[in-house]
Amino acid sequence: MAHYRRVGEVPRQRHTQSRDPEGRLYREELMGEEGFSSDSSLLYHRGVPSAIVDSQVWELPDQRLVPNHPLKPRHLKLHTLFDEPGAGACPVEGRRLVLGNGDVRIGYVVTGTDPSPLYRNAIGDECVFVESGAGTVETVFGVVPYRAGDYVLVPRATDHRWCPSEPSRLYAIEASSHIAPPKRYLSRYGQFLEHAPYCERDLHGPTEPHRAEGENVEVLVKHRTSAGVVGSRLTYATHPFDVVGWDGCLYPYTFNIEDYMPITGKVHQPPPVHQVFEGWNFVVCNFLPRKVDYHELAIPVPYYHSNVDSDEVMFYVGGDYEARKGSGINIGSISLHPGGHAHGPQPSAIEASLGVDYFEESAVMVDTFKPLELGEGGLAAEDPAYAWTWAGRGPDTDGPDGGPAVFSNS
């Protein structure tokens, strides 16, 4: 984020004394990216932010990944991973790893209404899409409310906890880098340009500090070693949420898909016009309800395409995805279309789309520039028949995996 924000009490000049009414000195913390040569914020603590009294191993859920080999497109039914909301998993510890590589990991969880432990991802930024539900994310910067359709952006190493006010379906995109609006949407000084499909007014950060008291407070920290992704339980002498004020350009925020203005054209537009964020070696796009192509001979659904440098992950979250009409992909499905395989609409969807002038669909897409592998959640949710559906195999036809080959949406 390159947009300045000031919340709570901060001194008139940075790196100068700031004291509470009793004369005690606040502790200034600079939280900055890229060796303090990029975005940063200054936070003013009542306690010592470095004071830990214990460190133990946090055993993470299964983080193993399995290559997509032999190569094939896949359909993953995420709604089968959890019972209906009510039982409720932890928003952090309950995440099931669906897909991942060295640059990004995608997890899914259905929460109850219990808050998560305090949590810090020291590997990279998190972009959590809220499929359904509502609540707040309490952070060291303040409280950020969330609702269905929000992307919740949490910068790397931000102490926070999820506090659902109702059961929430959360699609967690965990980067090994930072996540930000695409550079082509921004001026050289960081302001959104007129051609961008959203702007500063659509981004909602904390508005006041969130203060909590406590001693010997545990924080779950996800970090990386030469062995891969690991976890630690750090116990702090005082509560991390002791910030009286902060200012800067680095902080958590939300952006709702309702505020995204889709870009359309006379003929079908390529995926980059739907981009919303970018990270290192991956992008995030969303496909939303919109008026579609108005050429008299337009074919509204996508053409077959080979994205030769990328794997494509589409998460279907609302409406009726036209390119997958009559197939097995539904709300809560993921389609994984790997590089090296040309993909596109189901054959019957092409003729069916002719003359359509509006698409009522919502989907979140992640394209990666390194191959994605399957986590335990992805393997558990797979529809093994999906890969054969373009060949016209119907629901009563056995596919090579021995299961019925059903028509899919992707």
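Note that the structure is predicted; figures quoted are calculated from it, not measured.

Rules used in this analysis
- Residues numbered from 1 in each chain as written.
- Predicted model: local features only at pLDDT ≥ 70, side-chain atom pairs only at ≥ 80, totals over all residues.
- Heavy atoms only, no water.
- Pairing = 2+ DSSP bridges.
- Helix = DSSP H or I, 4+ residues; strand = E, 2+ residues; numbered from the N terminus.
- Buried < 20%, exposed > 50% of the residue type's maximum accessible area, 1.4 Å probe, protein only.
- Axes fitted to C-alpha atoms, helices over the stretch in contact; angles between N-to-C directions.
- Disulfide = S-S within 2.5 Å.
- 1 Å grid on protein atoms, 1.4 Å probe; cavity = no way out; pocket = protein on both sides within 12 Å on 5 of 7 lines; lining within 4 Å.
- Points joined across faces, edges and corners; volume = space filled by probe spheres on them.

K.L.:
Break down the sheet that holds strand β5 (residues 74-77) for me, with residues and values.
P.N.:
With antiparallel pairing, the seven strands of this open sheet are ordered in space as β17-β18-β23-β20-β21-β5-β25. On the outer flanks of this sheet lie β17 (275-279) and β25 (382-383), each paired with one strand and no other. Pairing analysis gives two bridges linking β5 to β25, with the strands arranged antiparallel. Its bridge partner being in β25, H75 is matched across the sheet by D383.

K.L.:
I'd love a proper account of unusual backbone geometry, names of residues and values included.
P.N.:
H69 connects to P70 through a cis peptide bond whose omega is 0°. Structurally, P70 is set in the loop between β4 (52-58) and β5. The backbone of F36 sits at a positive phi, close to 60°, despite the residue not being glycine. Following the sequence through the fold, F36 ends up in the loop between β2 (27-32) and β3 (40-45). Judged by relative accessible area, which is 56%, F36 ranks as exposed. Residue N216 is not a glycine yet carries a positive backbone phi of 50°. When you line up the elements, N216 lands in strand β13 (residues 215-225). N216 sits in the exposed class, given a relative accessible area of 53%.

K.L.:
Quick rundown of the sheet that holds β2? Include the residues and the values.
P.N.:
If you walk across this open sheet you meet the four strands as β1-β15-β3-β2, and the pairing is antiparallel. The sheet is open, and its two borders are formed by β1 (5-8) and β2, each paired with just one other strand. When the angles between neighbouring strand axes are averaged without regard to direction, this sheet yields 15°. As paired elements, β2 and β3 share six bridges and run antiparallel to each other. Bridge assignment links M31 to a residue of β3, and that residue is S41.

K.L.:
How would you explain the state of the cysteines if you had to name every residue and give the values?
P.N.:
Counting across every chain of the model gives zero disulfides. In this structure C127 is not part of a disulfide, and its nearest cysteine sulfur, from C285, lies 11 Å away.

K.L.:
For the pairing of strand β18 (residues 282-287), give the residues involved together with the corresponding values.
P.N.:
A regular strand places its side chains on the two faces of the sheet in alternate fashion. With respect to burial, β18 is a largely interior element, six of its six residues being buried. Because side chains alternate across β18, one face comprises the buried residues F282, V284 and N286, and the other comprises V283, C285 and F287, equally buried. In this sheet, β18 lies alongside β17 in antiparallel orientation, the contact comprising four bridges. What sits directly across from F277, in β18, is V284. Linkage of β17 to β18, two consecutive antiparallel strands, is achieved through a turn of two residues, within which N281 is found at a positive phi near 70°.

K.L.:
Mind laying out the layout of surface pockets, listing which residues take part and the relevant values?
P.N.:
Size it by volume and the largest pocket reaches roughly 580 Å³. Along its surface, the largest pocket is lined by 26 residues, and E33, H178, I179, A180 and K183 are the ones closest to its centre. There is about 310 Å³ of room inside the second largest pocket. The wall of the second largest pocket is formed by 18 residues, among which E29, P49, R120, D159 and Y236 lie closest to the centre. Among the elements of the structure, β2, β3 and β14 (228-238) are those that each provide at least two residues to the lining of the second largest pocket.

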